[in-house]
Amino acid sequence: MVKSLYTGVSGMKTHQQKMDVIGNNIANVNTTGYKTNVVTFADLYYQTKKTPTGASTTLGGTNPVQVGYGVKLNSTTPNMTQSGFTFSDSQFDMALDGEGFFQVMDSAGNILYTRAGIFKIDDEGNLVNASGYKVLGVSGDFDNQPAGSQPIKISIAATDDNCSSATKTVNGCDVTIAVSDPSDYTDMSVTFNQSEFPFATYSAGVLNLFFDRDQQFDSAQAFEDEIAKCLQAGGVTLPDDVSLKFTFENLPASTNSVVAKANVDSWTHKLDQACVESRKNVAGTGAGTTPSYASIAFATSNSNSANKYNSADITLTKGTATSATYDSGANAWTITVTDSTRLSDITQAIKDGVVAAKAADTTGELAGLNLSITKYEVPAGSLDTAIGAWGTLKLVNTDPLVSNIKATASQPGEFANKYKVVFKYVSNYDAPTAQWDDNTLTIAITNKEYADDATALADINAAVAAAAGGSEKKMFTFDADSFTGLAALNNGQRKALFENNPSVSFGGGEDSFYTTVAKSLSTFNLVNGRKGAEQSFKDLENITVGTDGTIIGYHAVHGYLNLGRVDIATFDNPNGLTAMGGTNFAASVASGDPKLAIGGSDGAGEVVSGALEMSNVDLAQEFTDMITTQRGYQANSRVITTSDTMLEELLSLKR
């Protein structure tokens, strides 16, 4: 009976402890980052009055008889569920949207963990919480830095009154030129000038830079490298060995250049007449003679391609007399020559052949039939070889003769984007040649014969490369499908096509953004543009905190600066953390070691700037728990009073 008194006492004590936890939860209903504690009970030890027995052949088994003696506090577990946010006016106030804890360090160097991101910058630039504990992560430049546990201190490099600089707006971009190091002698004037080669002069605080501003620049560093070349070429050493630095702000989305191209899909040229010309190598006569050439050319006087005789075949044969006959049905001429035939003989034979063909024509179809020979050169003793080399010739009057001309500049830029290519005809049989005159390239097309267009294209590109003389500004190549049909043109057609100097103008190219700026650079008068002395976070014009915890500030002199990054700690068992007060937790053997992560990665929540996480205490739940706890306490007190009454009855038996 006395045991029931102690059972009741254990129940009252346990319910009192739960009431203590409930009271603490309610007291922290408005505590930033507070996590509710949940209480669980467990029964105490048991006295076994009768042990259990197993079944036998004559008797069944019996269960144990046990009497329990009270209750104990089993656990107080923090509820780590996320609560809502309340927003503040400070960009340094932070909340976590997701898993993890902020890291803080107390004065003894102990690292604690909290969800309460009430942070500020102290007078020394340290990022601290409301208790003065230092917030941890990566301090300073965080690029390519893993998550860490360093105290975050906002530090800004000092400026100096003698670091001269000047800023101008060029093509919508703010361009700043500054000397690299402090000097008392660098309040200079810097002027940019156009020159094919880099050079520089310096005298009495005036620096003149000469370089090719049409070349392609792709970064601020490219400018600085070019200035270094100018100074070296001019033998100029700036005061105190400083260098010039470029800074570009308000850059466009793309700063790249675009390669210039020329593309003429249909190069239309109509010949004045249908023609054919052929020059063939024939064996010379006599021992030790060099090869000779046999040449022949025919033409009509009418360019009307609708007349079928403007595409007639011409076959030369050897006979006993010179003659020319036309077969209307086959649309073919047969020219018969002898070893002694001359140009005048063929001319007369063709005239006779035309007269005979028209006389035999009863349809009037051949009213415009005409043919003339314009060249007939055969070395002595080589007629048989020449006839075999010529084969069957065909009068051609196509429109256009060359269907495509496509070329691409090797280097983009003003020069490459604005030059033009002019073609001219040269009657020799050497390889094509090319020559530059300012921004115009003239390519000489010759009568050299080619088996295919690819071989002709290779010769033309080789001529262009030779004319460039190693200058990238003058380099371009004709594309693989350029000059379709060039190899098929005979000499007369090439002359008709190219002697009028057709041209191709390049377009579609575009300078890089930096080259456009380079062409507009003028004179910069460098003054003491930096506002000297030591700098602190108070000199920052703007500070932002990213969702990954990065802290970025803008400084009038230094521009945008990486100031630090607040990193996050996660735990395998966050409920195993030990509460340390001040909404801080400490790692324990139950929680495991912290795992550091950058906000928004590796399971860590994102950082919300200008916000604080509210307490996750649920008052409705707490009041309900309070009622059940009160009733439990009351019921246990009744066990004690009832046990006391029973003891009193027991003692009264003596009376």
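Our subject is the structure listed above.
## Things to note about the overall build of the chain
So, point 1. Scanning the chain from terminus to terminus reveals nine helices and 44 strands.
So, point 2. In terms of C-alpha radius of gyration, the chain reaches 50 Å, well past the compact-globule figure of 26 Å for 655 residues.
So, point 3. For the chain, the spread of C-alpha atoms along the principal axes amounts to about 175 × 100 × 50 Å.
So, point 4. Residues counted as buried form 41% of the 655 residues belonging to the chain.
So, point 5. For the chain, long-range pairs separated by at least 24 residues make up 66% of all intrachain contacts whose partners lie at least 6 apart in sequence.

## Re the pairing of strand β25 (residues 332-337)
So, point 1. Among the six residues of β25, five are classified as buried, and the element is accordingly described as predominantly covered.
So, point 2. The pairing of strand β24 (residues 323-327) with β25 spans five bridges and is classified as antiparallel. Residue pairing in the sheet places D327 in a bridge with A332 of β25.
So, point 3. A loop of four residues connects β24 with β25, the two strands running antiparallel in sequence, and N331 in this loop sits at a positive phi of about 50°.

## What to know about the sheet that holds strand β14 (residues 165-170)
So, point 1. Read from one edge of the open sheet, three strands run β14-β15-β19, paired in antiparallel fashion. Taken across any chain shown, the strands that pair with only one partner, and hence form the sheet edges, are β14 and β19 (244-249). Strand-to-strand twist of the sheet, defined as the mean angle between neighbouring strand axes without regard to direction, takes the value 20°.
So, point 2. Across six bridges, the pairing between β14 and strand β15 (residues 173-179) is antiparallel. Looking across to β15, one finds that S165 is bridged to A178.
So, point 3. Against the sheet, helix α8 (residues 513-520) makes contact with β14, β15 and β19, and its axis sits at roughly 120° relative to β19, the strand it touches most.

## Some details on helix α4 (residues 383-390)
So, point 1. By the burial criterion, the buried members of α4 are L383, A386, I387 and W390. Taken around the axis of α4, the buried residues stretch over an arc of 100°, which confines them to a single face. Relative to its buried face, α4 has exposed residues pointing more than 90 degrees away, namely D384 and G388.
So, point 2. Close packing links the buried residues of α4 with β21 (275-282), β22 (292-299), β23 (313-318), β25, β26 (372-377) and β27 (392-394).

## Points about the side chain of D212
So, point 1. Along the chain, D212 turns up in the loop between β18 (206-211) and α2 (220-234).
So, point 2. D212 gets classed as buried once you look at its relative accessible area, which sits at 10%.
So, point 3. Here the side chain of D212 touches Q194 through a polar contact of 3.2 Å, side chain to side chain.

## Quick notes on the pairing of strand β29 (residues 420-425)
So, point 1. When β29 meets strand β31 (residues 440-445), the two strands line up parallel, connected through six bridges. Residue pairing across strands places K420 opposite T440, the latter belonging to β31.

## Describing the nonpolar core
So, point 1. F192, L207, L209, L244, F246 and F248 are the most contacted members of the largest nonpolar core, which has 33 residues in total.
So, point 2. Of all the elements in the fold, those that place two or more residues in this core are β14, β15, β16 (189-194), β18, α2, β19 and α8.
So, point 3. Those residues in contact with L207, other than ones at most four positions away along the chain, are M188, S189, V190, T191, T201, Y202, L231, V236, L238 and L244.
So, point 4. Counting residues in each nonpolar core, the second largest holds 31 residues, with V354, A357, L371 and L395 among its members.

## A closer look at the pattern of salt bridges
So, point 1. A complete count under the given rule lists eleven salt bridges for this structure.
So, point 2. Residue K35 is joined to E613 by a salt bridge in which the shortest nitrogen-to-oxygen separation is 2.6 Å. Remark: E613 occurs in strand β44 (residues 611-613) and K35 occurs in the loop between α1 (2-27) and β1 (37-43); sequence separation between them is 578 residues. Judged on exposure class, the residue K35 and its partner E613 are both buried.
So, point 3. The shortest N-O distance in the salt bridge between D384 and K318 comes to 3.2 Å. Of this pair, D384 sits in helix α4 while K318 sits in strand β23, placing them 66 residues apart in sequence.
So, point 4. The class for K318 is partly exposed, based on a relative accessible area of 40%.
So, point 5. Counted as one network, the salt bridges with shared partners bring together K35, R115 and E613.

## Things to note about α2
So, point 1. Between its first and last C-alpha atoms α2 spans 22 Å; for 15 residues at 1.5 Å apiece the expected length is 21 Å, and the two agree.
So, point 2. Those residues of α2 that sit buried are A220, A222, F223, E224, E226, I227, C230 and L231.
So, point 3. Of the surrounding secondary structure, the elements contacted by the buried residues of α2 are β16, β17 (199-203), β18, β19 and α8.
So, point 4. At the C-terminal side of α2, G235 shows a positive phi close to 65°.

## Quick notes on unusual backbone geometry
So, point 1. Located in the positive-phi region is N144, a residue other than glycine, with phi close to 60°.
So, point 2. Residue position: N144 is located in the loop between β11 (134-139) and β12 (150-151).
So, point 3. Positioned with a positive phi, N171 is a non-glycine residue whose angle comes to about 55°.
So, point 4. Note that N171 resides in the loop between β14 and β15.

Reading the values: rules and limits
- Residues numbered from 1 in each chain as written.
- Predicted model: local features only at pLDDT ≥ 70, side-chain atom pairs only at ≥ 80, totals over all residues.
- Heavy atoms only, no water.
- Helix = DSSP H or I, 4+ residues; strand = E, 2+ residues; numbered from the N terminus.
- Rg over C-alpha atoms; globule rule 2.2 N^0.38 Å.
- Buried < 20%, exposed > 50% of the residue type's maximum accessible area, 1.4 Å probe, protein only.
- Contact = heavy atoms within 4.5 Å.
- Pairing = 2+ DSSP bridges.
- Axes fitted to C-alpha atoms, helices over the stretch in contact; angles between N-to-C directions.
- Arc of directions from axis to C-beta.
- Polar contact = N/O pair within 3.5 Å; in protein donor to acceptor, adjacent residues only side chain to side chain.
- Core = buried A, V, L, I, M, F, W, Y, C linked by side-chain atoms within 4.5 Å.
- Salt bridge = Lys/Arg side-chain N within 4 Å of Asp/Glu carboxyl O.
- Expected span 1.5 Å × (residues − 1).

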